[in-house]
Amino acid sequence: MDPTDPGRPDAALEADQVFELAAEVFRVMSAPMRLKIISALCNGEKNVGQLLAEIRTTQPNMSQHLNTLYQAGVVGKRRDGVQIYYRIINDRVVNLCRAVCTQIAMETDGDPA
């Protein structure tokens, strides 16, 4: 069933909910730093130190973006001693991110800069 079909009862309300949820996904993905973090975590879980070795930023900035991704349900975390490891738990966001970034890279002839 298509939630945006105007012939369905409450279709406008359901469509609004779908659009609100989609807007929230795009809000979470709107920061390049969060896209870099998602990309870095696609190959498996990492702690903040490992992420900082791959992504140039400050530790407080990294932690802020990881918290946003965690609160949005994109990443999960587990504690191992004093280390916290982050992993992807929302494959839909990863697939959307990958599709958009791949399309943009193709349109720029593979030059993401």
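Residues numbered from 1 in each chain as written. Predicted model: local features only at pLDDT ≥ 70, side-chain atom pairs only at ≥ 80, totals over all residues. Heavy atoms only, no water.

(A) The pattern of salt bridges, seen in detail. By the definition in use, this model includes three salt bridges. Residues R27 and E24 are paired through a salt bridge, measuring 2.8 Å at the closest nitrogen-oxygen approach. Pair noted here: R27 and E24 are both in helix α1 (residues 11-28), with a separation of three residues, about one helical turn. A residue is classified by how much of its surface remains accessible, and R27, at 41% relative accessible area, is partly exposed. Overall, E24 belongs to the partly exposed group, its relative accessible area being 35%. (Salt bridge = Lys/Arg side-chain N within 4 Å of Asp/Glu carboxyl O. Helix = DSSP H or I, 4+ residues; strand = E, 2+ residues; numbered from the N terminus. Buried < 20%, exposed > 50% of the residue type's maximum accessible area, 1.4 Å probe, protein only.)

(B) View of the side chain of H65. Within the fold, H65 resides in helix α4 (residues 59-71). Sequence-distant contacts of H65, that is, excluding residues within four places in its chain, are made with A31, M33, R34 and I37. (Contact = heavy atoms within 4.5 Å.)

(C) Structural context of the layout of surface pockets. Each pocket or cavity is described by its volume, and for the largest pocket that value is around 260 Å³. Around the largest pocket, the lining residues are E24, V25, V28, A72, V74, N90, R92, V93 and L96. At the level of elements, α1 and α5 (91-107) are the ones that each hand at least two residues to the lining of the largest pocket. When grouped by side-chain class, the residues that make up the lining of the largest pocket number six nonpolar, one polar and two charged. The volume enclosed by the second largest pocket comes to roughly 210 Å³. (1 Å grid on protein atoms, 1.4 Å probe; cavity = no way out; pocket = protein on both sides within 12 Å on 5 of 7 lines; lining within 4 Å. Points joined across faces, edges and corners; volume = space filled by probe spheres on them. Nonpolar A, V, L, I, M, F, W, Y, C, P; charged D, E, K, R; others polar.)

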